[in-house]
Structure formats: C-alpha cells, structure tokens
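Here is what each chain is made of, one letter per residue.
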Amino acid sequence: MFPQDFVQHSAAYILSCQQADGSIPWFDGHYADPWDHVEAAMGLSIAGEWEAAERAYQWLADVQLPDGSWWAAYRNGEPDNRERRETNFVAYFATGVWHHYLISENQAFLKHHWSVVERALEFVLSLQSPHGDIQWAVDTEGKVLADALVTGCASIFKSLECGIRIANALGHHRPRWVSGHQRLGQALRDMPERFDRTWESKARFSMDWFYPVLTGAVTGDCARLRLQRKWDEFVVAGLGCRCVNDEPWVTVAESCELTMALLAAGEREKAVDIYCGLHRWQDDDGGYWTGYVYRDSAIWPEEKTTWTVGAMLLAADALAELTPASDLFTRVALPQPGVPIGQASEPVVE
C-alpha cells in the first residue's frame, strides 16, 4: 500500500518547509493559512515528529487574535491576507489539537491549548445562524460575510466534535458546542437552501460532494448513496478524484480525502483502489505534486504543497491504522450523554 519509508520520507518534506517560528507554508517561499498549516501538522504527528507538530500549534496560539480568530494567510511571521477571517480555518485548530493528543497522549499539551481552542470555537459559533449553518467569514472590519459553504461547514462539524471531546477530556462542560454541532449537522443534511445563497453554487467542486461524509455529517446508508450518486462525475478510473466536475484535473489531496470518506462509508475496496495509485506523484524529496491534468498528461500546478503531503499521511493512517488517531475522519465519536464530565467512557459512535 505504501512505498518503502513512505511515512518518514513524506514527513521530511513537511519539515523542510517548516519555518523557524513553527509555521508551515504551502511550500518554501509561499504563505501559510491556518487550515492547511494544521493539515500539514497532523502529518507530522502521524510520523512521530511530535516536537515539530507542537511547534506548529504553538505558532497558531501565538498569532491568535483577541476574538479567537486568525487571518486568512500569514507570511514571514506577519499577516499576508487581512481581507477576511474564515470560520472553517479558525475551527480546524481544534481538530489538529485533538488529533495530536490522540497520538501523543500529552495531557499537558491539551491543557496548554484549551484556551486557544475555546476562543476559536466561540468565535465560530458566534457566527452560527438560527438555522444551524455557520457564516463563512468576517471581513477586515469584522463585518459578517453572510453565506455558508457546504465544505466549510462540514469541516467545522468535525472540528466541533473534536472540541467537545477536548472539553470532555479536560472536565469542561460546553452544552453550547453540543447544541451547535447538532444544529449544524441538521443543516448540512436537511437544509440545502442555507448554502450558496449569494453566489454561484459550489456543487461543481468534489469536496461539496464528499465532505459531509468525510466529517461525519452524513453516515451509513445515506453516506454510501451520496458517494454513489456522483461517483462517475468526479472519479477518473485509475487516476483519482477530480477537483471540479468540469475540468480534466485530478488532485492528490481531494483523492486522499475521498479515500477517507469511502472508509467512513464502509467502502474499503474503493478506498484502497484510489489511494494506492497516488504514490506515482511523489517526488524525490518526499513532496507530492498537487494535481495532474490528464487531458494534457501534465502535472499542474508545478507545486508540491505541504498540505497535500499531510493528506497523504492522514489517508495512510486511516487505511493502515498507523496511530491511535487513525479513525478520526472515519467515524463520529462523542462522549456518552449522562456520563460525568471528564470521566473516561466509550464514545458514542455513529
């Protein structure tokens, strides 16, 4: 399933791009954004590079804004994009922190970042509408950019789950997070009219198709049906998953995420088939090319993004159970109702 020394070779590429302050840009010389930075940091945790991963999370803690958010991008230690602060970017910190804790079992790490997680998720939930969807961003001045994204909200759904699990592990009671998670899931499943209200539909993007499955908003038979419905629209046999349905372009990260969504839906054979073909796009330095235009038989863009490598490692973990965090994206696991806060319990799995 993996080339020899795949995990360490892949992590070495992420490490080669990590900056002295702990930030992980897309690639050397590019900017870092909070979501993709966390994706790459999770790859480091899987590879056992715990000190580097913890420096990555500390960097985000150090640059968190007073309201709990982060700017859209940073470069050389300074904000590179002050146009907006995106809710799914902000929430993803909780996913990364919980992921690292599951692997490292470092209680001090979890306690250290609790206040950062709390401020981030409170910022995100302050932008939840009465219908359950969460506005996608605020602008430079803090004005709400009022619309919702399926992929972004699905990512937040997983981040809220992770935040609830962090709170429970530390003995904190956060019923607003539980309620927000439930209402967001209902919006994702039953209220398509709440998304893409003010712009063209994002349904051409494959992530809108599989993210509700990947993050646990849609499960079981409904998940399998959802993936089956647009399979031929997005999957290119022998190559992987297209980024959008109207371009001849398959991308490695989307193919990895689809791999995990398939595992979540109980479609392991399909997941293995898609994932095993992706290693052809690993370069000698351990990085993976972002995508491939099959019409032109060309790698495009000519970039090896750290978050693509992170996605490769996450999918490898989900397939081969390399770490205790291997099922983070293949099931929903919340503390049992009625169990005292902070008490160990088997999670409710959906």
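Residues numbered from 1 in each chain as written. Predicted model: local features only at pLDDT ≥ 70, side-chain atom pairs only at ≥ 80, totals over all residues. Heavy atoms only, no water.

A look at the overall build of the protein
The helix and strand inventory of the protein stands at 13 helices and 12 strands. Taking 2.2 N^0.38 as the reference for a compact globule, 350 residues should give roughly 20 Å; the C-alpha atoms of the protein span a radius of gyration of 19 Å, in line with that estimate. Once the C-alpha set of the protein is aligned to its principal axes, its extents read approximately 50 × 45 × 45 Å. Within the protein, buried positions represent 59% of all 350 residues. Summarising the internal contacts of the protein: among those between residues at least 6 apart in sequence, 67% fall at separations of at least 24. Within the structure as shown, the protein displays about 14,100 Å² of accessible surface, and the carbon and sulfur contribution to it stands at 49%. Separation between the mean location of the 29 positive side-chain charges and that of the 49 negative ones in the protein comes to 6 Å. (Helix = DSSP H or I, 4+ residues; strand = E, 2+ residues; numbered from the N terminus. Rg over C-alpha atoms; globule rule 2.2 N^0.38 Å. Buried < 20%, exposed > 50% of the residue type's maximum accessible area, 1.4 Å probe, protein only. Contact = heavy atoms within 4.5 Å. Areas by Shrake-Rupley, 256 points an atom, 1.4 Å probe, with all protein chains shown as cover. Lys, Arg positive; Asp, Glu negative; His and termini not counted. Charge placed at Lys NZ, Arg CZ, Asp CG, Glu CD.)

With respect to the sheet that holds strand S5 (residues 144–145)
Taking strand neighbours across the sheet as the criterion, the 3 strands line up as S3-S4-S5 in an open arrangement whose pairing is antiparallel. In the strand order of this sheet, the two ends are held by strand S3 (84–86) and S5, each with one partner. Summarising the sheet, S3 and strand S4 (residues 137–139) pair through 3 bridges and their orientation is antiparallel. Residue pairing for S4: Arg 84 is matched across the bridge by Asp 139. Across the sheet, helix H4 (residues 87–104) is in contact with S3 and S4; its angle to S3 comes to roughly 45°. (Pairing = 2+ DSSP bridges. Axes fitted to C-alpha atoms, helices over the stretch in contact; angles between N-to-C directions.)

Notes on the packing of aromatic side chains
Across all of its chains, the model carries 18 aromatic pairs by this definition. Ring geometry for Tyr 57 and Phe 93: centres 6.0 Å apart, planes at 80°, overall edge-to-face. One end of the pair, Tyr 57, is in helix H3 (residues 50–63); the other, Phe 93, is in helix H4, with 36 residues separating them in the sequence. Residue Tyr 57 is classed as buried on the basis of its relative accessible area of 0%. Plain terms: the ring middles of Trp 114 and Trp 177 are 5.6 Å apart, the flat faces sit at 40° to each other, and that makes the pair tilted. Here Trp 177 lies in helix H7 (residues 175–190) and Trp 114 lies in helix H5 (residues 107–125), a separation of 63 residues in the sequence. Every member of this aromatic cluster is reached through a ring pair, and the members are Trp 209, Phe 210, Tyr 211, Trp 231 and Phe 234. (Phe/Tyr/Trp six-rings, centres within 6.5 Å; stacked < 30°, edge-to-face > 60°.)

Structural notes on the side chain of Asp 196
In this fold, Asp 196 is placed in the loop between H7 and helix H8 (206–214). Excluding its chain neighbours within four sequence positions, the residues that come into contact with Asp 196 are Asp 147, Ala 148, Leu 149, Ser 201, Lys 202 and Asp 208.

Notes on the pairing of strand S2 (residues 78–81)
Bridge analysis of strand S1 (residues 73–75) against S2 gives 3 bridges, and the strand direction is antiparallel. Paired with Arg 75 across the two strands is Glu 78, which belongs to S2. Between S1 and the antiparallel strand that follows it, S2, lie 2 residues; Asn 76 among them carries a positive phi value of about 55°.

Focus: unusual backbone geometry
Residue Pro 301 follows Trp 300 across a cis peptide bond; omega there is -10°. With respect to the helices, strands and loops of the structure, Pro 301 is situated in the loop between strand S10 (298–299) and helix H13 (306–320). With a phi close to 55°, Glu 105 is a non-glycine residue in the positive phi region. When you line up the elements, Glu 105 lands in the loop between H4 and H5. For Glu 105, a relative accessible area of 63% corresponds to the exposed category.

Side note on the sheet that holds strand S8 (residues 249–251)
An order of S8-S9-S10 is seen for the 3 strands of this open sheet, with the pairing classed as antiparallel. What marks the edges here is a single partner per strand, and that holds for S8 and S10. Of the strand pairs in this sheet, strand S9 (residues 291–293) and S10 are connected by 2 bridges, and their pairing is antiparallel. Paired with Tyr 292 across the two strands is Ile 299, which belongs to S10.

Here's the deal with the confidence of the model for the protein
Per-residue pLDDT for the protein averages 95, and the proportion of residues at 70 or more is 96%. Here residues 338–349 is a poorly scored stretch, pLDDT under 50, and it has 23 contacts once near neighbours within four places are set aside; other chains count. (pLDDT = per-residue confidence, 0-100.)

Considerations on H7
Across its 16 residues, H7 extends 22 Å between first and last C-alpha, which sits within 8% of the 22 Å expected from 1.5 Å per residue. Three or more residues of H7 are buried, namely Trp 177, Gly 180, His 181, Leu 184, Gly 185, Ala 187 and Leu 188. Axial view of H7: buried residues confined to an arc of 160°, hence all on one face. Facing away from the buried surface of H7 by more than 90 degrees, the exposed residues are Gln 182 and Asp 190. (Expected span 1.5 Å × (residues − 1). Arc of directions from axis to C-beta.)

Comments concerning H3
Across its 14 residues, H3 extends 20 Å between first and last C-alpha, which sits within 8% of the 20 Å expected from 1.5 Å per residue. Residues Ala 52, Ala 53, Ala 56, Tyr 57, Trp 59, Leu 60, Ala 61 and Val 63 constitute the buried set of H3. Buried residues along H3 sit in contact with helix H1 (6–17), helix H2 (34–46), S1, H4 and H5.

Quick look at the environment of Pro 66
If you trace the backbone, Pro 66 turns up in the loop between H3 and S1. Pro 66 sits in the exposed class, given a relative accessible area of 79%. Separated by 206 residues in the primary sequence, Pro 66 and Val 272 place their C-alpha atoms 43 Å from one another.

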